[in-house]
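Chain residues, written in single-letter form:
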Amino acid sequence: MSKLRYERPVIKKLEGGMPNKFGIRSEIQTVTHIDGNGVKDLIKEYGSPLFVISEKTIRSTIKKARKAFEARYPRIQFAWSYKTNYLNAVCSIFHQEGSWAEVVSGFEYDKAIALGVNGKKIIFNGPEKKEEDLSKAIQNDSLIHIDHLDEFYTIVELAGVLGKKPRVAVRVNMDTGVYPMWDRFGFNYENGQAWDVINKIMHSGKAELVGLHCHIGTFMLAPSAYAIAATKLADLALAIERKYNHEIKYIDLGGGFPSKNTLKGAYLPGTDTNPTFDDFAEAISSALLNSNFKKDNLPLLILETGRALIDEAGFLLGSVIANKRSSTGRRNTIIDIGVNLLFTSYWYDHKITPAQSFTHYTEETCVYGPLCMNIDVIRESAELPLLNRGDHVVIHNTGAYNLTQWMQFIALRPNVLLIDMDEKPHLIRQKETVDNMNGMERVPEHLK
Ligand SMILES: *Cc1c(COP(=O)(O)O)cnc(C)c1O
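If you're wondering where the values come from, they're calculated on a predicted model, not measured in any experiment.

A. Summary view of the pattern of salt bridges. Going through the model one piece at a time under the given rule, you end up with 20 salt bridges. Salt-bridge contacts for Glu423 lead to Lys56; the nearest nitrogen and oxygen are separated by 2.8 Å. Separated by 367 residues along the polypeptide, Glu423 in the loop between strand S19 (416-419) and strand S20 (425-429) and Lys56 in helix H2 (residues 55-70) bring together distant segments of the chain. Lys56 gets classed as partly exposed once you look at its relative accessible area, which sits at 30%. Among the ionic pairs, Glu432 bridges to Arg413, the shortest N-O distance being 2.7 Å. Of this pair, Glu432 sits in the loop between S20 and helix H13 (434-439) while Arg413 sits in the loop between helix H12 (402-405) and S19; the two residues are 19 residues apart in sequence, bridging distant segments of the chain. Residue classification places Glu432 among the buried residues on the basis of a relative accessible area of 10%.

B. Examining the nonpolar core more closely. Residues Phe69 and Leu253 are the most contacted members of the largest nonpolar core, which totals 102 residues. Tallying contributions element by element places helix H8 (residues 223-244) first for this core, with 11 residues. Each of domain 1 (33-53 + 312-438) and domain 2 (55-310) contributes no fewer than three residues to this core. Aside from chain neighbours lying at most four places away, what touches Phe69 is Ile76, Phe78, Phe257, Phe277, Phe280, Ala281, Ile284, Leu301 and Leu303.

C. Highlighting empty space enclosed by the protein. The full count for this structure, using the stated rule, is one cavity of 30 Å³ or more. In this structure, the largest cavity encloses a volume near 70 Å³. As for the largest cavity, its lining consists of Arg171, Val172, Asn173, Met174, Thr176, Val178, Met181, Trp182, Phe185, His215 and Ile216. Residue classes in the lining of the largest cavity are distributed as seven nonpolar, three polar and one charged.

D. Just the site of the ligand, in detail. Of all residues adjacent to the ligand, which total 16 residues, the nearest are Lys83, Thr218, Gly256, Glu304 and Tyr401. In the environment of the ligand, a nitrogen atom lies 2.6 Å from a nitrogen or oxygen atom belonging to the side chain of Glu304. Taking Tyr401, its side chain carries an N or O atom lying 2.6 Å from an oxygen atom of the ligand. Isolated, the ligand exposes 390 Å² of accessible area, and the fraction of that covered by the protein chains is 94%. One can see that the ligand is located within the second largest pocket.

E. Focus on the side chain of Arg66. Within the secondary structure, Arg66 sits in helix H2. Within the local environment of Arg66, its side chain forms a polar contact with the backbone oxygen of Glu97, the two atoms lying 2.6 Å apart. Setting aside anything within four residues of it in sequence, one finds Arg66 in contact with Phe78 and Glu97.

F. Representation of the pairing of strand S7 (residues 143-146) within the structure. Residues of S7 alternate between two faces, with Leu143 and His145 on one and Ile144 and Ile146 on the opposite face, all of them buried. Both strand S6 (residues 122-124) and S7 contribute to a ladder of two bridges, which runs parallel. In the sheet register, Phe124 faces S7, and the bridge partner there is Ile144. As for the winding sense of the linkage, the β-α-β connection from S6 through helix H5 (residues 131-139) to S7 is right-handed. Two elements, S7 and strand S8 (residues 167-173), share four bridges in a ladder whose sense is parallel. For Leu143, the partnering residue across the bridge sits in S8 and is Arg167.

G. Expanded view of the layout of surface pockets. If you add up the space inside the second largest pocket, you get close to 460 Å³. Lining the second largest pocket we find 24 residues, and of these Lys83, Trp182, His215, Thr218 and Tyr401 sit closest to its centre. Grouping the amino acids of the lining of the second largest pocket by side-chain chemistry returns six nonpolar, 12 polar and six charged. When residues of the lining of the second largest pocket are assigned to domains, at least three map to each of domain 1 (33-53 + 312-438) and domain 2 (55-310).

H. Spotlight on the domain arrangement of the protein chain. Domain assignment breaks the protein chain into domain 1 (33-53 + 312-438) and domain 2 (55-310). The C-alpha-based centres of domain 1 and domain 2 are spaced at 33 Å. The interface is formed by 27 residues belonging to domain 1 together with 26 residues belonging to domain 2. On the domain 1 side of the interface with domain 2, the three residues burying the most area are Glu312, Tyr348 and Tyr401, jointly 29% of the side's total. Applying the counting criterion to the domain 1 and domain 2 interface returns two salt bridges. Among the ionic pairs, Lys264 bridges to Glu380, the shortest N-O distance being 3.5 Å. In this structure, the connection of domain 1 to domain 2 is made through 15 residue pairs in polar contact (both at pLDDT 80 or more). Elements that contribute at least two residues to the side of domain 1 that touches domain 2 include exactly H12, S19 and S20. At three residues, S19 tops the list of elements feeding residues into the side of domain 1 that touches domain 2. For the side of domain 1 that touches domain 2, the residue count by class is 13 nonpolar, seven polar and seven charged.

Reading the values: rules and limits
- Residues numbered from 1 in each chain as written.
- Predicted model: local features only at pLDDT ≥ 70, side-chain atom pairs only at ≥ 80, totals over all residues.
- Heavy atoms only, no water.
- Salt bridge = Lys/Arg side-chain N within 4 Å of Asp/Glu carboxyl O.
- Helix = DSSP H or I, 4+ residues; strand = E, 2+ residues; numbered from the N terminus.
- Buried < 20%, exposed > 50% of the residue type's maximum accessible area, 1.4 Å probe, protein only.
- Core = buried A, V, L, I, M, F, W, Y, C linked by side-chain atoms within 4.5 Å.
- Domains from an automatic or database assignment.
- Contact = heavy atoms within 4.5 Å.
- 1 Å grid on protein atoms, 1.4 Å probe; cavity = no way out; pocket = protein on both sides within 12 Å on 5 of 7 lines; lining within 4 Å.
- Points joined across faces, edges and corners; volume = space filled by probe spheres on them.
- Nonpolar A, V, L, I, M, F, W, Y, C, P; charged D, E, K, R; others polar.
- Near = heavy atom within 4 Å.
- Polar contact = N/O pair within 3.5 Å; in protein donor to acceptor, adjacent residues only side chain to side chain.
- Areas by Shrake-Rupley, 256 points an atom, 1.4 Å probe, with all protein chains shown as cover.
- Sits in = over half its atoms within 2 Å of the grid points.
- Pairing = 2+ DSSP bridges.
- Right-handed = clockwise from strand over helix to strand, strands pointing away.
- Buried area = accessible area lost by both parts, 1.4 Å probe.

Below you can see the structure in the form of structure tokens.
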């Protein structure tokens, strides 16, 4: 047995904190391995900080989501939301699992095409679709979700030039009882805008209206909001059928299911309280099956689920730089992970676990990142065991949005690993170098 590490004795004033459901003590456990790979070994080989993505977790999560919906509704299609995590390896796993691509920019559209996604299986959302992007999407028969009338008129014009009949859907925003309402995208249901654009499309004859779409918000904690959205889109689809004898092929309810993260200010951890895929599937399928669709023309149900499918598969590994005391005596721990890499720390109390054994003693700690900026706080207040310089930590549920919204600010972005089904690590994005950054810059002659 190796010699036990010395730990300094501590004397601490007892403080009455707010208990959580486990009492005053924290429930922290050490996490030394990710899918069979030692955290220390990974950091030694690939550096710190380090993003690690678990292929096992991605595949098991999408399977769980599919199972929840397929058990309740006969026609389901997932479309991977690229902006949630568009690393090519990650998108490829979702496409292998049968997901289409859901993109919101020309850049993301080109990425999906480069990955070999069939143009017919790309959903093109978002408020800015440049003419050249729309032309590509029309030529590839992609599904164009119209955001505003200016876009619709451009599509009509391009359809004439290209001699094609684009496949379009209308993005609808609506009151689902969750506020503030997301009404900046698409056309409003309650005030008649959505019905207006539907009539314009149907009368123009220039585009084929194939679907109705909404994306009512993100990290939604109320399955009932989706039931309301599904009912409103079903009503529109049935009204189109009555007036034009035209069948809507799909209803797309967007994304927005919560991951297992804990929102700031929440009393209980997200793992215990956030609704599950089954809860959402039950609400949505009941609403659609209870509407007046006939059995033979039930629309395809598309889901653009993002964060709920990838957050738990992402881990961010880092190291402790130092400990210090604040002016009031609070323990401050500085780690090498800042808000430039962990954008989502603005919204979540991310779970942080030590990667080595520790004493039972914990202390309320503020966890800072390494940036020279006051806002660089990863956790304002976490009950953590004492971490020492050089110790490692694992930050959990970091797979969604961090790898697309990370910033190159005063440092270079780190390596990203994928641990495959056989627990073998693969480097899927190389860390940046100074040459990468300087390579894009030009210094005018007179400044040399
Ligand atoms: C961002 C986005 C999604 C994914 O949202 P999540 O909240 O991550 O599930 C889906 N559809 C559209 C249109 C989006 O903008």
